[in-house]
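This is what each chain is made of:
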Amino acid sequence: MTDGFAHRLRIDQIRDGQRLDLVADDEERAAIAQRLDLEGLERLEAHVTLTRKGDGISVEGRLAASLAQSCVITGDPMSSHVDEAFTLEFRPEPTAEPDDEIELASDELDTIFYEGGEIDLGSAIADTLALSVDPFPRSAGADAALREAGVMTESEMSPFAALAKLRGGDET
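Draft legend 1. Geometry of the side chain of Ser-123. Residue position: Ser-123 is located in helix H2 (residues 121-132). By relative accessible area, which is 5% here, Ser-123 ends up buried. At 2.9 Å, the side chain of Ser-123 forms a polar contact with the side chain of Asp-120.

So this is what it looks like as structure tokens:
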């Protein structure tokens, strides 16, 4: 996906062990925030080391971001931070027929295929952020709002809770 945070690197110019620091500017952060449906993205940076593996490039690094989301229950604004290590593998697009399926093993799930002679490290980092963000953020007031709306918790819906109420007890 493209989101304005494209940092294209030519494969033939990548040095083994090369270190890069990528920091998204205001415009790039705004585009990524819009794509990820965030209220805001105050900070996005990644510090990576590139390793050549034949035609492939291995990227190991750390992603740091400060972002604002809305609680899925109350809509209240929430701040959160992402700080995590990641590993990506860039490999040349395999030659296959259009209808052929390509299966990846579990250790290949962070593999990104590229065509031509360059990789887009920025978009891969934005995608990594997308996978790191809580898809269902809940504020401190979410549980109270659910109770007020009459939504029961899982423990209140259990058959044991219903039996306890019939017995007159409050066991969950």
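Structure's up, so let's keep going.
Draft legend 2. Molecular detail of a nonpolar patch on the surface. Together, Val-72, Ile-73 and Phe-136 line one region of the surface with nonpolar side chains, adding up to about 290 Å² of accessible area. Within the secondary structure, Val-72 sits in the loop between strand S4 (56-70) and strand S5 (77-92). Given a relative accessible area of 43%, Val-72 falls into the partly exposed group.

Draft legend 3. H2, seen in detail. An ideal rise of 1.5 Å per residue puts 16 Å on 12 residues; H2 measures up with 17 Å between its terminal C-alpha atoms. H2 sits mainly inside the fold: nine of its 12 residues count as buried. Its side-chain oxygen 3.3 Å from the backbone nitrogen of Gly-122, Asp-120 forms the N-cap of H2.

Each value, and the rule that gives it
- Along each chain, the written sequence defines residue order, and numbers are assigned to residues from 1.
- Owing to the predicted nature of the model, reporting of local features is limited to residues with pLDDT of at least 70; listing and counting of side-chain atom pairs is limited to 80 or more, with chain, interface and lining totals taken over all residues.
- Note that the side-chain values use all heavy atoms of the structure and ignore hydrogens as well as water.
- Secondary structure is summarised from DSSP: a helix means a run of H or I of at least four residues, a strand means a run of E of at least two, and numbering begins at the N terminus for each.
- Remark: exposure states derive from per-residue accessible area (1.4 Å probe, protein chains only) relative to the maximum for the residue type, with buried under 20%, exposed over 50%, and partly exposed in between.
- Under this definition, polar contacts are N or O atom pairs within 3.5 Å; protein pairs additionally need one hydrogen-donor-capable and one acceptor-capable atom, and for neighbouring residues in sequence, both atoms have to be side-chain atoms.
- A patch consists of residues whose relative accessible area exceeds 30% and which take part in no salt bridge; residues with like charges are grouped when within 9 Å of each other, and nonpolar side chains (Val, Leu, Ile, Met, Phe, Trp, Tyr) when within 5 Å.
- The accessible surface values rely on the Shrake-Rupley method and a 1.4 Å probe; as for residues, cover is taken only from the protein chains in view.
- Only one rule defines a salt bridge in this text: a Lys or Arg side-chain nitrogen within 4 Å of an Asp or Glu carboxyl oxygen.
- Multiplying 1.5 Å by the residue count of a helix minus one yields the expected span of that helix.

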